[in-house]
Amino acid sequence: MNEELKRHAAVAQAISMLLHPYAEVVLHDLSTGRIAAIYNHLSKRKIGEESLLEEMTNLAKLPDVFPPYSKVNWDGKKMKSVTATIRDPKGTPIGLFCINLDLSKWEEMYQFILGWIEGMDNKEKPDVLFKDDWKEKINTFVSDYLQKEALSLKTITKEQKQELVRTLHRKGAFQAKKAASYAADVLGISRATIYNYLR
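Now for a quick tour of the structure. Here the residue numbers are simple positions, counted from 1 along each chain's written sequence. Reporting of local features is limited, given that this is a predicted model, to residues whose pLDDT is at least 70; pairs of side-chain atoms are given and counted only at 80 or more, and all residues count toward the totals for whole chains, interfaces and linings. The side-chain figures draw on all heavy atoms in the structure; neither hydrogens nor water molecules are used.

Brief notes about the packing of helix α4 (residues 134-148) against helix α5 (residues 158-170)
Between two packed helices, what matters for the description is the angle formed by their axes and the separation of those axes.
Part 1: Two elements in contact, α4 and α5, have axes separated by 11 Å at closest approach and are oriented at 140 degrees. Judged by the angle between their axes, α4 and α5 are oblique. In terms of crossing hand, the pair formed by α4 and α5 is right-handed. Facing α4, whose interface residues are Phe141, Val142 and Tyr145, α5 presents Gln160, Glu163, Leu164, Thr167 and Leu168.
Part 2: Under the grouping applied here, Gly and all other residues not named as nonpolar or charged are polar, the nonpolar ones being Ala, Val, Leu, Ile, Met, Phe, Trp, Tyr, Cys and Pro and the charged ones Asp, Glu, Lys and Arg. Residue composition of the contact of α4 with α5, grouped by class: five nonpolar, two polar and one charged. What counts as an axis is a line fitted to C-alpha atoms, over the stretch in contact for a helix, and the angles between N-to-C directions run from 0 to 180 degrees. Only DSSP runs of H or I covering at least 4 residues are called helices, and only runs of E covering at least 2 are called strands; the numbering of each starts at the N terminus. For classification, angles of less than 35 degrees are called roughly parallel, those exceeding 145 degrees roughly antiparallel, those between 65 and 115 degrees roughly perpendicular, and all remaining angles oblique. Helix crossings are classified by the rotation of the near helix relative to the far one: an anticlockwise turn of less than a right angle makes the crossing left-handed, while a clockwise turn makes it right-handed. Contacts were defined at the residue level, with two residues in contact if any of their heavy atoms lie within 4.5 Å.

Here it is, written out as structure tokens:
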């Protein structure tokens, strides 16, 4: 391996060890167009094989870091990759440092979570449990309001709280005995403030 490339081998190995078994790290030698080192083989490539990179006629224009890009591995698994240019002391590109991350486990978790969340959203709430659950109704209304206005409980203004409290009142949210106290707790204000907003 080129002596300059060897300086990056330990970093490449460290990254592959940290992200094992989900990341492959490859060092390409631009002078030979071949793989100089590879750690945690995921792609079935070997040291000394051709890098199979497109012909690079103007190495001086190579970016320091290529934006992340997608690949498909031999087993059909999707991979997300990023590549950095390795330069010698004079700034001349001599190699490429590539990290290929296997996304299959993340995709499995994403599909699991997505299916779980969608499954929850599609299920109707049993009337016997939620018909008179005024806390649930207040929670839902406040959440919908914040989402519609692109707000959070940390960023909502006094005027917006007033509007929210008055709307809750018009919807009959405060008919329950302790509803005002609960709404005050949710909004981070006192029950007295709730009543002041309604005057």
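Describing the side chain of Ser16
Part 1: Tracing the chain through its elements places Ser16 in helix α1 (residues 3-18).
Part 2: The rule is simple: take the accessible area with a 1.4 Å probe, protein chains only, and divide by the maximum for that residue type; under 20% is buried, over 50% is exposed, in between is partly exposed. Judged by relative accessible area, which is 5%, Ser16 ranks as buried.
Part 3: What Ser16 contacts, discounting residues up to four positions off in sequence, is Ala23, Val25, Tyr39 and Asn40.

Things to note about the sheet that holds strand β2 (residues 34-39)
By definition, the strands of a sheet pair up through backbone hydrogen bonds, in either a parallel or an antiparallel sense.
Part 1: Strand order across the open sheet formed by five strands is β2-β1-β5-β4-β3, with antiparallel pairing between neighbours. Looking along the sheet, the strands with just one partner apiece sit at the ends: β2 and β3 (65-72). Here the average twist between neighbouring strands, direction ignored, is 25 degrees.
Part 2: Strands in contact with α1 are β1 (23-29), β2, β4 (78-87) and β5 (93-102); relative to β1, the strand with the most contacts, it is inclined by about 170 degrees. We call two strands paired when DSSP finds no fewer than two bridges between them.

What to know about the nonpolar core
Part 1: What is meant by a nonpolar core is a set of buried Ala, Val, Leu, Ile, Met, Phe, Trp, Tyr and Cys residues, joined one to another through side-chain atoms within 4.5 Å. Counting 19 residues, the largest nonpolar core has Ile138, Val142, Leu164, Phe174 and Ile194 as its most contacted members.
Part 2: Those residues within four positions of Ile194 in sequence are excluded, and the remaining contacts are Val165, Phe174, Ala180, Ala183, Ala184 and Ile189.

Quick look at the packing of aromatic side chains
Part 1: Ring pairs shown here join Phe, Tyr and Trp side chains whose ring centres sit within 6.5 Å, with only the six-membered ring taken for Trp; geometry is labelled stacked below 30 degrees between planes, edge-to-face above 60, and tilted in between. In this structure the tally under the stated criterion is two aromatic pairs.
Part 2: Between Tyr22 and Trp106, the ring centres sit 5.6 Å apart and the planes meet at 80 degrees, which makes this aromatic pair edge-to-face. Highlighted residues: Tyr22 in the loop between α1 and β1 and Trp106 in helix α2 (residues 104-122), separated in sequence by 84 residues.
Part 3: Residue classification places Trp106 among the partly exposed positions, given a relative accessible area of 42%.
Part 4: Ring geometry for Phe112 against Trp116: centres 5.9 Å apart, planes inclined by 35 degrees, an arrangement best described as tilted. Remark: Trp116 and Phe112 occur in helix α2; sequence separation between them is four residues, near one turn of the helix.

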